[in-house]
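Structural overview for review
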Amino acid sequence: QVELVESGGGLVQPGGSLRLSCVASGRIISIGVMGWYRQAPGKQRELVASITSRSSTNYADSVRGRFTISRDNAKNTVYLQMNSARPEDTAVYYCNAEVSDRSPLYRSPYWGQGTQVTVSS
């Protein structure tokens, strides 16, 4: 079994910064794409940013230029640096990872439990 644990959420003022972390642990052969999603009240979960094992990145238009995703493959960890935070960034942020846990030929998606980010003065 694989577990993803997020940390770093909390309250931040508009224009401020926050750094989220997500560590994957358990029976891991390899990890492919890792990403951050978010879900605001009454809205669908949406992709914020993703990063491949070779550090190719993808961002939602709403966060491009403000957020930066990165990963440390040796630590099975993905980060999300949030700068110039806006009230509309308020949501529960979820970590996602495509993990090979039983065979190197297949990957399964795993999710973290979520961490609340609130942008407010």
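That block above? That's the structure.
Note that the structure is a prediction, hence the values are computed from the model and not measured.

Counting its regular elements, the chain contains zero helices and eleven strands. Its helices and strands in sequence order give the chain the pattern β-β-β-β-β-β-β-β-β-β-β, from N to C terminus. Here the C-alpha radius of gyration of the chain, 14 Å, is about what a compact globule of 121 residues would show, namely 14 Å. Based on the C-alpha atoms only, the size of the chain along its principal axes is roughly 45 × 25 × 25 Å. Across the chain, every contact between residues at least 6 apart in sequence was considered, and the portion connecting residues at least 24 apart equals 56%. A total of about 6,500 Å² of accessible surface is found on the chain, and carbon and sulfur atoms cover 46% of it. Placing the 13 positive and 9 negative side-chain charges of the chain at their respective mean positions leaves the two points 4 Å apart.

Turning our eyes to something else, we now look at unusual backbone geometry. Even without being glycine, Ser55 reaches a positive phi, approximately 70 degrees. Located in the positive-phi region is Ser84, a residue other than glycine, with phi close to 50 degrees. Structurally, Ser84 is set in the loop between strand S8 (77-82) and strand S9 (91-100). Residue Ser84 is classed as partly exposed on the basis of its relative accessible area, which comes to 40%.

If you look at the biggest cluster of nonpolar residues, it comprises 31 residues, and the most contacted ones within it are Trp36, Leu80 and Tyr93. At the level of secondary structure, the elements contributing two or more residues to this core comprise strand S1 (2-7), strand S3 (18-26), strand S4 (30-39), strand S5 (46-51), strand S7 (67-72), S8, S9 and strand S11 (115-119). Ranked by residues supplied to this core, first place goes to S9 with five residues. Apart from residues lying up to four places away in sequence, Tyr93 is in contact with Glu6, Leu20, Trp36, Tyr37, Arg38, Val48, Phe67, Leu80, Met82, Gly114, Thr115 and Val117.

Definitions and cut-offs
- Residues numbered from 1 in each chain as written.
- Predicted model: local features only at pLDDT ≥ 70, side-chain atom pairs only at ≥ 80, totals over all residues.
- Heavy atoms only, no water.
- Helix = DSSP H or I, 4+ residues; strand = E, 2+ residues; numbered from the N terminus.
- Rg over C-alpha atoms; globule rule 2.2 N^0.38 Å.
- Contact = heavy atoms within 4.5 Å.
- Areas by Shrake-Rupley, 256 points an atom, 1.4 Å probe, with all protein chains shown as cover.
- Lys, Arg positive; Asp, Glu negative; His and termini not counted.
- Charge placed at Lys NZ, Arg CZ, Asp CG, Glu CD.
- Buried < 20%, exposed > 50% of the residue type's maximum accessible area, 1.4 Å probe, protein only.
- Core = buried A, V, L, I, M, F, W, Y, C linked by side-chain atoms within 4.5 Å.

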